[in-house]
Amino acid sequence: MEFFKSNTSIPFMRQRRYAGAFSILIMLASLCFLCVNGLNLGLDFTGGTKAEVSFKQSVNAAQVRQDFQDSDFPEAVIQAYDSHHLAIRIGVHKEMSQEKLKVRLLRLLPGATMQAINYIGPQVGKQLMTNGILAVVVALLATVVYIALRFEYRFALSAAIALLHDPILILGVFSAFHLEFNLIVLAAVMTVIGYSLNDTIVVYDRVRENFKKLRHDKPTVVMDKSINQTLSRTIMTSGLTCFVVISLLIFGGDYLFGFSLALLIGIVIGTYSSIYVAGSLAISFGLTRESLLSTVKKPDSY
């Protein structure tokens, strides 16, 4: 099943300088937003209180969110398990004891019964942030080692830069619009890294195959042909995944909004980076047939 004809000949490498300038521009913008605004960290990282409440009658979660917005807890995150059970997360309020906080919450929730209330200290939040950053770093290092062993170090460097490119842009969007960054969004960022890597590996595999077949073509021509040959698969995979993620974005509610948005941005940018960033950088780093294929026959010397 092909989305495009198999003989497309889009000159991707001819446009690589424009794509490179575009990537540098949006990366610099993302880094500027991150330096100026930082990230709007969620309660998973800053600490706070999580309460679970139940109602005898069905409750409207949207109305509860509005009530909290108009109260002393505008930062509260309301998650509906079903029409009778809610989970409420609020930030750190050092001026209130846990008992006083419980009373204030029940005042905002008439008819509610407190099932559980747990305090998450800032130290735990810092540890989660540290572990999250460590997970991303370890994933990137493992990826570089894997690609270097399977392909060649130029591919490994190109893929690593492309993989850094994607999460930085996601973080830049979240920083620019002051969107909450929590553990669920971090999970989406990790998913995007894997998704983008998969697209990149598919292209790299085809490049290696074509270097064996197209012995006299330039590296840019081989890269163009490889990307065009995998283009149908890339568009179909990304398009179907985007369709599902957009459905989550529209119908998933507030709790899944950040997760869905991060995935949507990551899929679009990941598809772009696997074509332009990873491929273009490999060419810029001096990729040749001889550097990729270790079994190239050398001419006999006399």
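This text goes with the structure placed above it.
A brief report on the enclosed structure follows.

Calculation criteria
- Counting restarts for each chain, with residues numbered from 1 along the sequence as it is written.
- Restriction of local features to residues with pLDDT of at least 70 applies here, the model being predicted, together with a cutoff of 80 or more for giving and counting side-chain atom pairs; totals for whole chains, interfaces and linings are based on all residues.
- Processing note: side-chain calculations cover all non-hydrogen atoms of the structure and skip hydrogens and water entirely.
- Here, a salt bridge means any Lys or Arg side-chain nitrogen found within 4 Å of an Asp or Glu carboxyl oxygen.
- Each helix is a run of H or I in the DSSP string that is no shorter than four residues. Each strand is a run of E no shorter than two, and both are numbered from the N terminus.
- Residue burial is assigned from relative accessible area. The probe radius is 1.4 Å, only protein chains are included, and a residue is buried under 20% of its type maximum, exposed over 50%, and partly exposed in between.
- Fitting a line to C-alpha atoms yields each axis, with helices limited to the stretch in contact; the angle taken between N-to-C directions then spans 0 to 180 degrees.
- Roughly parallel means an angle under 35 degrees; roughly antiparallel means over 145; roughly perpendicular covers 65 to 115; every other angle is labelled oblique.
- The hand of a helix crossing depends on one turn: near helix anticlockwise from the far one by less than a right angle means left-handed, and clockwise means right-handed.
- Contact definition: two residues touch when any of their heavy atoms are within 4.5 Å.
- Residue classes follow a fixed rule: Ala, Val, Leu, Ile, Met, Phe, Trp, Tyr, Cys and Pro count as nonpolar, while Asp, Glu, Lys and Arg count as charged, and any other residue, Gly among them, counts as polar.
- Expected span of a helix: the number of residues minus one, times 1.5 Å.
- Arc, as used here, means the arc of the directions from the helix axis to the C-beta atoms.
- Patch definition: residues above 30% relative accessible area lacking any salt bridge, with like charges linked at up to 9 Å and the nonpolar side chains Val, Leu, Ile, Met, Phe, Trp and Tyr linked at up to 5 Å.
- Only the protein chains shown count as cover for residues, and all accessible areas are computed by the Shrake-Rupley method using a 1.4 Å probe.
- One fitted axis covers the seven residues ending at a residue, a second covers the seven starting there, and the bend at that residue is the angle between these axes.
- The pairing test for Phe, Tyr and Trp rings, Trp by its six-membered ring, is centres within 6.5 Å, and the orientation test on the planes gives stacked under 30 degrees, edge-to-face over 60, and tilted for anything in between.

Throughout the structure, instances matching the rule amount to four salt bridges. Arg208 is the partner of Asp205 in a salt bridge, and the nearest nitrogen-oxygen pair spans 3.2 Å. Here the residue Asp205 and the residue Arg208 both occupy positions in helix H7 (residues 183–213), the gap between them amounting to three residues, near one helical turn. For Asp205, a relative accessible area of 18% puts it in the buried group. The closest approach of N and O atoms between Arg206 and Glu209, which form a salt bridge, is 3.6 Å. Pair noted here: Arg206 and Glu209 are both in helix H7, with a separation of three residues, about one helical turn. Overall, the relative accessible area of 28% leaves Arg206 in the partly exposed class. According to the relative accessible area criterion, Glu209 is partly exposed, its value standing at 39%.

Where helix H1 (residues 16–37) contacts helix H9 (residues 257–284), the two axes come as close as 10 Å, and the packing angle between them is 110 degrees. By the criterion of interaxial angle, the relationship of H1 to H9 is roughly perpendicular. H1 and H9 meet at a crossing whose hand is left-handed. Note on element contacts: H9 touches H1 through Tyr272, Tyr276, Val277, Ser280 and Ile283, opposite Arg16, Ala19, Phe22 and Ser23. Among the residues forming the contact of H1 with H9, the class breakdown is six nonpolar, two polar and one charged.

Since the α-helix advances by 3.6 residues per turn, residues separated by three or four positions end up pointing in the same direction. The first and last C-alpha atoms of H1 sit 31 Å apart over 22 residues, in line with the 32 Å expected at 1.5 Å per residue. Within H1, burial applies to Ala19, Ser23, Ile26 and Ser30. One side of H1 holds all its buried residues, which, seen down the axis, span an arc of 75 degrees. The exposed residues of H1 that point more than 90 degrees off its buried face are Arg17, Tyr18, Ile24, Leu25, Leu28, Cys35 and Val36. Taken together, the buried residues of H1 touch helix H6 (153–176) and H9. In the segment just after H1, Gly38 is the residue with positive phi, at about 70 degrees.

For the rest of this paragraph, the subject is unusual backbone geometry. Even without glycine at this site, His178 takes up a positive phi of about 55 degrees. Within the element layout of this structure, His178 appears in the loop between H6 and strand E6 (180–181).

Okay, a nonpolar patch on the surface next. A cluster of nonpolar side chains, namely Tyr153, Leu157, Ile161 and Phe285, defines an oily patch on the protein surface of about 360 Å² accessible area. Mapped onto the fold, Phe285 is located in the loop between H9 and helix H10 (289–292).

As for its placement among the helices and strands, Phe177 is situated in the loop between H6 and E6. Along the primary structure Phe177 and Asn37 are separated by 140 residues, whereas in three dimensions their C-alpha atoms are 9.3 Å apart.

Turning next to helix H8 (residues 219–251). Its 33 residues give H8 an end-to-end C-alpha distance of 45 Å, which sits within 8% of 48 Å, the value for a rise of 1.5 Å per residue. Bending of H8 peaks at approximately 45 degrees at the position of Leu231.

In this structure, Ser158 sits in helix H6. Classification of Ser158 by relative accessible area gives buried; the value is 0%. Not counting residues up to four positions away in its chain, the partners in contact with Ser158 are Tyr204, Ala278, Leu281, Ala282 and Phe285.

The subject of this paragraph is the packing of aromatic side chains. Scanning the model with the defined rule gives six aromatic pairs in all. Feature note: the residues Phe12, Phe22, Tyr272 and Tyr276 constitute an aromatic cluster, connected by ring pairs.

At a closest axis distance of 9 Å, the pairing of H7 and H8 adopts a crossing angle of 145 degrees. The handedness of the crossing between H7 and H8 comes out as right-handed.

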